[in-house]
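# Descriptive analysis of the structure
Residues per chain, in single letters:
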Amino acid sequence: MLHNRQRRRALIAGAVTLATAALGIGLSTQFAGAQATTLRAAADAIGKDIGVAVDVNKLQSNTQYRNTIATEFNSLTAENAMKWDATEPQDGNYTFSQADTLVNFAEDNGQSVHGHTFVWHAQTPNWVQGLNATAMRSAMVDHINTVANRYEGRVDSWDVVNEVVSDNNGAMRDSFWLRAMGEGYITTAFQTARAADPNADLYINDYSIEGDNAKSDTIYRLAQGLKSQNILDGVGFQSHLILGQVPSTMEANLQRFVDLGLKVRITELDIRLNTPADANELAQQAEDYRRVTEICAELADCSGITVWGLRDNDSWVPGTFPGTGAALLFNDDFSKKPAYTSTLNALGGGGTGEPTTTPATTDPATSTPPPGDGCTATLSVQSPWNTGATYSATVKANQALTGWRVTWTWPGSERISNAWSVTGTLTGATVTGANAAYNGTLAAGQSTTFGFNITKNDGSTASVPTVTCTPA
Ligand code: G3I
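Report follows, based on the coordinates. In this text, all values refer to a predicted model and were calculated from it rather than measured experimentally. (Residues numbered from 1 in each chain as written. Predicted model: local features only at pLDDT ≥ 70, side-chain atom pairs only at ≥ 80, totals over all residues. Heavy atoms only, no water.)

Before going further, it helps to spend a moment on the sheet that holds strand β11 (residues 375-385). The 4 strands are arranged β11-β12-β17-β14 in an open sheet whose pairing can be described as antiparallel. The sheet is open, and its two borders are formed by β11 and β14 (415-420), each paired with just one other strand. Mean inter-strand twist for the sheet, computed between neighbouring axes without regard to direction, equals 25°. Sheet topology note: the β14/strand β17 (residues 447-455) ladder contains 5 bridges and is antiparallel. Pairing of Arg-415 across the sheet is with Thr-455, part of β17. (Pairing = 2+ DSSP bridges. Helix = DSSP H or I, 4+ residues; strand = E, 2+ residues; numbered from the N terminus. Axes fitted to C-alpha atoms, helices over the stretch in contact; angles between N-to-C directions.)

Below is the structure:
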């Protein structure tokens, strides 16, 4: 069974091969011409995951949160919704509504899912923690089988065990798992997960293992043993980092795991600083994000990067480390931080990281529109593949607007399958779109963007129809 990521990768690889062969140009030339302007498009172009930890409640209640997650990321992880206390709060009583919401959203938006997590010492209900060795083993096996089977083919990879090593000089964590079952609980978890979903990539995940240190040495020892049994595919480096402290040994440390034949992945990236942040700190943070992203981008076996939350005010950091925060890529109002730009650039994308809605210009050439031309709109193809493509659209106001409408007709079989930051009748041959609630009011000279994916039934080049834009 093909997993979401394999499906997406095959589509992108097919498109790249086709376009390269047809045009007779090299890959780098092809992408140099059209620099990606979202994290997602940039990561797609280099075959990496750019992921985000998702709060499912916000996904359900906040349109801008939902649209930004769809536009900017090609991989999702449930921040809490797939943990044991969420999925099996009582013995044998499974609740999947939140996890299902996340997986359905990912599928609707062509995103892969990195699952988090089967076996952890935290967020595991008390009923598990009090069991004897035999009963605990059986609870673990039942839990992994049930969750992995439910999402087989839909969740691409799993953090099978999380944080099994302590912060004490690389000793194993003194958890209820270790005390009841001994170190073998880790092997049991991986064997069970492998049997339950043989196609999912299985990861061991931990924090403070980004550099070469006693804790990462213990993970290395565990990884060697699990790899030799063919029940481990990758190592997750959570990367909850502090400003200016990307470990100097990070690249070499990840490389030694790759040399074992494993994938590596940055699974929970955030970079915290003392709040409130000043411009220098935000610039340093941008450099830190750039460095981490470059390390992954340059390592063929780094599957991707997941940031642990969308906006600074979505992050767990201020609650756990009071006085610190501002650790993510987006401000509380969804505007993009300098770290967004540096991450985009390190993924090979372009753009400035300015907010999607750009400031009004006072240039008379643009502030005085031709009569009857209240707005203009253009489409551009971000990521093409054989049977589809991701597009970005820009709407520019030539006069002050309180709403806009766009329309175009596809010349061939192209049809929109899903869209963000736009409403209307979108799925037919003739598309009639309108602004979303939050991007209709534009000053003269201001622009905003929306995006969508299309499907098409052949390998033809994704077309770029002319768009008619009218004030509404
Ligand atoms: O859902 C309940 C809600 O019903 C209740 O009213 C509220 C009152 O406190 O708590 C809610 O649960 C909280 C949960 O997040 C969902 O919001 C928990 O208290 C809170 O402890 C929990 O925090 C999560 C934390 O893991 C738990 O240890 C964070 O959101 C999450 O970001 C964090 O993620 C971990 C990774 O899984 C593993 N690596 C470290 C990372 C950061 O701690």
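The next thing to look at is the side chain of Glu-72. Relative to the assigned elements, Glu-72 resides in helix α5 (residues 63-72). Within the structure, Glu-72 has its side chain in polar contact with the side chain of Tyr-340 (distance 2.8 Å). In contact with Glu-72, not counting residues within four places along its chain, are Thr-38, Leu-39, Arg-40, Ile-50, Phe-330, Lys-336 and Tyr-340. (Polar contact = N/O pair within 3.5 Å; in protein donor to acceptor, adjacent residues only side chain to side chain. Contact = heavy atoms within 4.5 Å.)

A few words now on the site of the ligand. Surveying the vicinity of the ligand reveals 13 residues, the closest of which are Glu-79, Lys-83, His-116, Gln-123 and Glu-268. The separation between an oxygen atom of the ligand and a polar side-chain atom of Glu-79 is 2.4 Å. One of the side-chain N or O atoms of Gln-238 is found 3.1 Å from a nitrogen atom in the ligand. In the complex, 45% of the free accessible area of the ligand, which totals 780 Å², lies under the protein chains. When the residues that make up the shell around the ligand are grouped by side-chain class, the tally is 3 nonpolar, 6 polar and 4 charged. (Near = heavy atom within 4 Å. Areas by Shrake-Rupley, 256 points an atom, 1.4 Å probe, with all protein chains shown as cover. Nonpolar A, V, L, I, M, F, W, Y, C, P; charged D, E, K, R; others polar.)

The next subject is helix α11 (residues 184-196). Between its terminal C-alpha atoms α11 stretches 18 Å, which fits the 18 Å expected from 13 residues at 1.5 Å a residue. Tyr-185, Ile-186, Thr-188, Ala-189, Phe-190, Thr-192, Ala-193, Arg-194 and Ala-196 are the residues of α11 that are buried. As for α11, its buried residues are in contact with β3 (112-119), α9 (133-150), β4 (157-162), α10 (176-181), β5 (201-206) and α12 (214-228). (Expected span 1.5 Å × (residues − 1). Buried < 20%, exposed > 50% of the residue type's maximum accessible area, 1.4 Å probe, protein only.)

Our focus in this paragraph is the state of the cysteines. Per the counting criterion, the structure on display carries 2 disulfides. For Cys-296, the disulfide goes to Cys-302, at an S-S distance of 2.0 Å. Residues Cys-296 and Cys-302 are joined through a disulfide that is left-handed, its torsion about the S-S bond being -95°. The pair Cys-296 / Cys-302 is uniform in exposure class, with both members buried. Paired through a disulfide, Cys-375 and Cys-469 show a sulfur-sulfur distance of 2.1 Å. (Disulfide = S-S within 2.5 Å.)

A few words on the sheet that holds strand β13 (residues 404-409). The 4 strands are arranged β15-β16-β13-β18 in an open sheet whose pairing can be described as antiparallel. In this open sheet, the two strands that pair with only one neighbour each are β15 (422-425) and β18 (468-471). Mean inter-strand twist for the sheet, computed between neighbouring axes without regard to direction, equals 25°. Strand direction decides the pairing type here: β13 and β18, joined by 4 bridges, are antiparallel. Opposite Trp-404, over in β18, you have Pro-471 as the bridge partner.

Let's shift gears to unusual backbone geometry. Backbone torsion omega between His-116 and Thr-117 reads 0°, so that peptide bond is classified as cis. Tracing the backbone through its elements, the reader meets Thr-117 in strand β3. Looking along the chain, the bond that leaves Thr-275 and enters Pro-276 is cis, with omega of 0°. Positive phi, close to 55°, is recorded for Asn-230, a residue that is not glycine. Its location among the elements puts Asn-230 in the loop between α12 and β6 (234-237). For Ala-326, which is not glycine, the phi dihedral falls at a positive 50°. Inspection of the secondary structure puts Ala-326 in the loop between β10 (324-325) and α16 (338-346). On the basis of relative accessibility, which here comes to 15%, the residue Ala-326 falls in the buried class.

Moving on to the pattern of salt bridges. Across all of its chains, the model carries 18 salt bridges by this definition. With its nearest N and O atoms 2.5 Å apart, the salt bridge here joins Asp-201 to Lys-263. Of this pair, Asp-201 sits in strand β5 while Lys-263 sits in strand β8 (residues 263-274), and the two are 62 residues apart along the sequence. For Asp-201, a relative accessible area of 14% corresponds to the buried category. Residues joined in a network through salt bridges with shared partners are Asp-55, Lys-58, Arg-311 and Asp-314. (Salt bridge = Lys/Arg side-chain N within 4 Å of Asp/Glu carboxyl O.)

Of all hydrophobic cores here, the largest spans 95 residues; its most connected members are Met-82, Trp-158, Trp-177, Phe-190 and Ile-204. Not counting residues within four places of it along the chain, the set of residues in contact with Trp-158 comprises Met-82, His-114, Gly-115, His-116, Phe-118, Val-147, Tyr-151, Ala-200, Asp-201, Leu-202 and Tyr-203. Counting 24 residues, the second largest nonpolar core, distinct from the first, contains Tyr-391, Ala-393, Leu-426 and Val-431. (Core = buried A, V, L, I, M, F, W, Y, C linked by side-chain atoms within 4.5 Å.)

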